[in-house]
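The lines below spell out each chain.
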Amino acid sequence: MTKLPQNPPIIFNYVKNKEYSIQPIRWLLKPISVWPMTDSSIAERISSVALLIACIFLIVSTLVPCALAIILDENKDMEIKIRDFGPLSNWVLASLKYISLLAHVDDIYQCIKHIEMDWRAVTKFEEQEIMLKNARIGRFVAIFSATFVHSGVFSYSIFRGMTLSEAAVGGDNVSVRPLPFAFYDKLLDTTTSPMYEIVFIIQCLSTFVVNSIAVGACCLTAVFVMHACGQLKILMSLLDNLIDERNEKKDSSQQKFAIIVEHHLKILSFVSYVEKIMNIVCLVEVAGCTMHMCLLGYYCILDWNQDEKESMVAYAIILISVTFNIFIFCYFGEILSEQSGQVGETAYMTNWYLLPGNTALGLILIILKSSIVVKISAGKMIELSLSTFGNVIKSALAYLNILRTLII
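Residues numbered from 1 in each chain as written. Predicted model: local features only at pLDDT ≥ 70, side-chain atom pairs only at ≥ 80, totals over all residues. Heavy atoms only, no water.

1. Overview of the nonpolar core
- Residues Ile-25, Phe-224, Met-278 and Leu-336 are the most contacted members of the largest nonpolar core, which totals 108 residues.
- With 21 residues, the top contributor of residues to this core is helix 6 (residues 195–240).
- In this structure, Phe-224 is in contact with Ile-25, Ile-108, Cys-111, Ile-115, Phe-270, Val-274 and Ile-277, ignoring residues within four places of it in sequence. (Core = buried A, V, L, I, M, F, W, Y, C linked by side-chain atoms within 4.5 Å. Buried < 20%, exposed > 50% of the residue type's maximum accessible area, 1.4 Å probe, protein only. Helix = DSSP H or I, 4+ residues; strand = E, 2+ residues; numbered from the N terminus. Contact = heavy atoms within 4.5 Å.)

2. Let's talk about the packing of aromatic side chains
- By the definition in use, this model includes 10 aromatic pairs.
- A ring pair is formed by Phe-144 and Phe-324, whose centres lie 5.4 Å apart and whose planes are at 70 degrees; its orientation type is edge-to-face. On the criterion of sequence distance, the pair formed by Phe-144 in helix 5 (residues 125–162) and Phe-324 in helix 8 (residues 309–349) is long-range, its members being 180 residues apart.
- The partly exposed category is assigned to Phe-144, whose relative accessible area is 37%.
- The exposure class assigned to Phe-324 is buried, which follows from its relative accessible area of 19%.
- Geometrically, the ring pair formed by Phe-327 and Phe-389 is edge-to-face, given 5.3 Å between the ring centres and 75 degrees between the ring planes. Here Phe-327 is found in helix 8, whereas its partner Phe-389 is found in helix 10 (residues 386–407), with 62 residues between them in sequence.
- Phe-327 gets classed as partly exposed once you look at its relative accessible area, which sits at 30%.
- In this structure an aromatic cluster arises from ring pairing among Phe-327, Tyr-331, Phe-332 and Phe-389. (Phe/Tyr/Trp six-rings, centres within 6.5 Å; stacked < 30°, edge-to-face > 60°.)

3. Thoughts on empty space enclosed by the protein
- Going through the model one piece at a time under the given rule, you end up with four cavities of 30 Å³ or more.
- One number sums up the size of the second largest cavity: a volume of about 80 Å³.
- Around the second largest cavity, the lining residues are Ser-21, Ile-115, Trp-119, Met-131, Asn-134, Ala-135, Gly-138, Val-223, Met-226, His-227, Gly-230 and Gln-231.
- Contributions of two or more residues to the lining of the second largest cavity are made by helix 4 (105–120), helix 5 and helix 6.
- A per-element tally of the lining of the second largest cavity places helix 6 first, with five residues.
- Here the lining of the second largest cavity is composed, by residue class, of six nonpolar, six polar and no charged. (1 Å grid on protein atoms, 1.4 Å probe; cavity = no way out; pocket = protein on both sides within 12 Å on 5 of 7 lines; lining within 4 Å. Points joined across faces, edges and corners; volume = space filled by probe spheres on them. Nonpolar A, V, L, I, M, F, W, Y, C, P; charged D, E, K, R; others polar.)

4. Thoughts on unusual backbone geometry
- Even without being glycine, Ser-33 reaches a positive phi, approximately 60 degrees.
- Within the secondary structure, Ser-33 sits in the loop between helix 1 (14–29) and helix 2 (42–72).
- Judged by relative accessible area, Ser-33 falls into the buried class, the value being 9%.
- With a phi close to 55 degrees, Lys-380 is a non-glycine residue in the positive phi region.
- Within the secondary structure, Lys-380 sits in the loop between strand 3 (377–378) and strand 4 (382–383).

5. Notes on the layout of surface pockets
- Size it by volume and the second largest pocket reaches roughly 450 Å³.
- Looking at the second largest pocket, it is lined by 19 residues, and the ones nearest its centre are Ala-121, Glu-127, Leu-238, Ile-259 and His-263.
- Residue assignment for the lining of the second largest pocket shows that the elements contributing at least two residues are helix 5, helix 6 and helix 7 (250–305).
- Among the elements that line the lining of the second largest pocket, the one with the most residues is helix 7, at eight residues.
- Residues that form the lining of the second largest pocket fall into these classes: seven nonpolar, six polar and six charged.

Function-wise, these values are silent; they only describe arrangement.
Here's what the structure looks like:
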């Protein structure tokens, strides 16, 4: 009698799965020295400090000359100063986000440890598939966001570097290449080589740092929220399987319920760390995106009136990337709140009346805890949701209308 071939045992490689989940944020956060160095070697820590100093230098080397050019340069009219104010505000807000992320490196480390422990705890193929599916979504959003934002802003920088403009030098009008961002000409003479090339490269590298801060914050939200959503789906699956129709022993149902409660508390702890990390970042993002969408819309109108189609396209690409960024924050805040609310509904829909008395009463605590909506907020004042995204769009359009009426 021939034996039927047995299915090979399922191997759960938690190291590979964890790496798959967090790899995008490591790629984005390591170059700007926000990645936790707790378990790193001395050489890696020295490298991280060097990167931190370099990033601060690059941000300051663009921010300060730009601010001086707007404040002190009397040759610029109001229109040019408003054009230069957009990049300046972007650098200021990116600096605030950078400080906030650096202040919460330890919390980022705690979230990564949570992710590692969750992957270690996987014992079922279905649970692994749920977590991998959510990790795949977070990974896709991270890579797409990084590609889209970097390409949009760098296309503007390259376009500015290739454009010639007329300037008065020594009493004669000559063609000069403008820098991507305003620079106070009394600090350095950027009309000659190689000074122009040096400042241009510094501004491009500074752009990379600022973009990485914006994209890193966005990708942290995407990866961490999608992991939390995966854990909430597993929790709902555990609740669905709490009642066993084969009438298992009372101790079995109590043991299952203890696992459910412990899992729920772990998810709430993880989300509290995410909220702590993203609290100030989201507030800066909401305020900054509202202002930048208004300014970029204004720049597009100016270029349309002046028939500068190439510049308008560059501004339009940046406008789309800014809109995409705030949409990602609001969308993931929405799905986290929605799925956390479904936990209480799933607990209520179980056949709780078949459970022993004490266990059935315990479900009430889960329902009550789930009634407090888990959310990502901006400064503990604004809940991130799709309605918030709509409010940001409406506010930006209202401010754009005011700016257009006063200036154009």
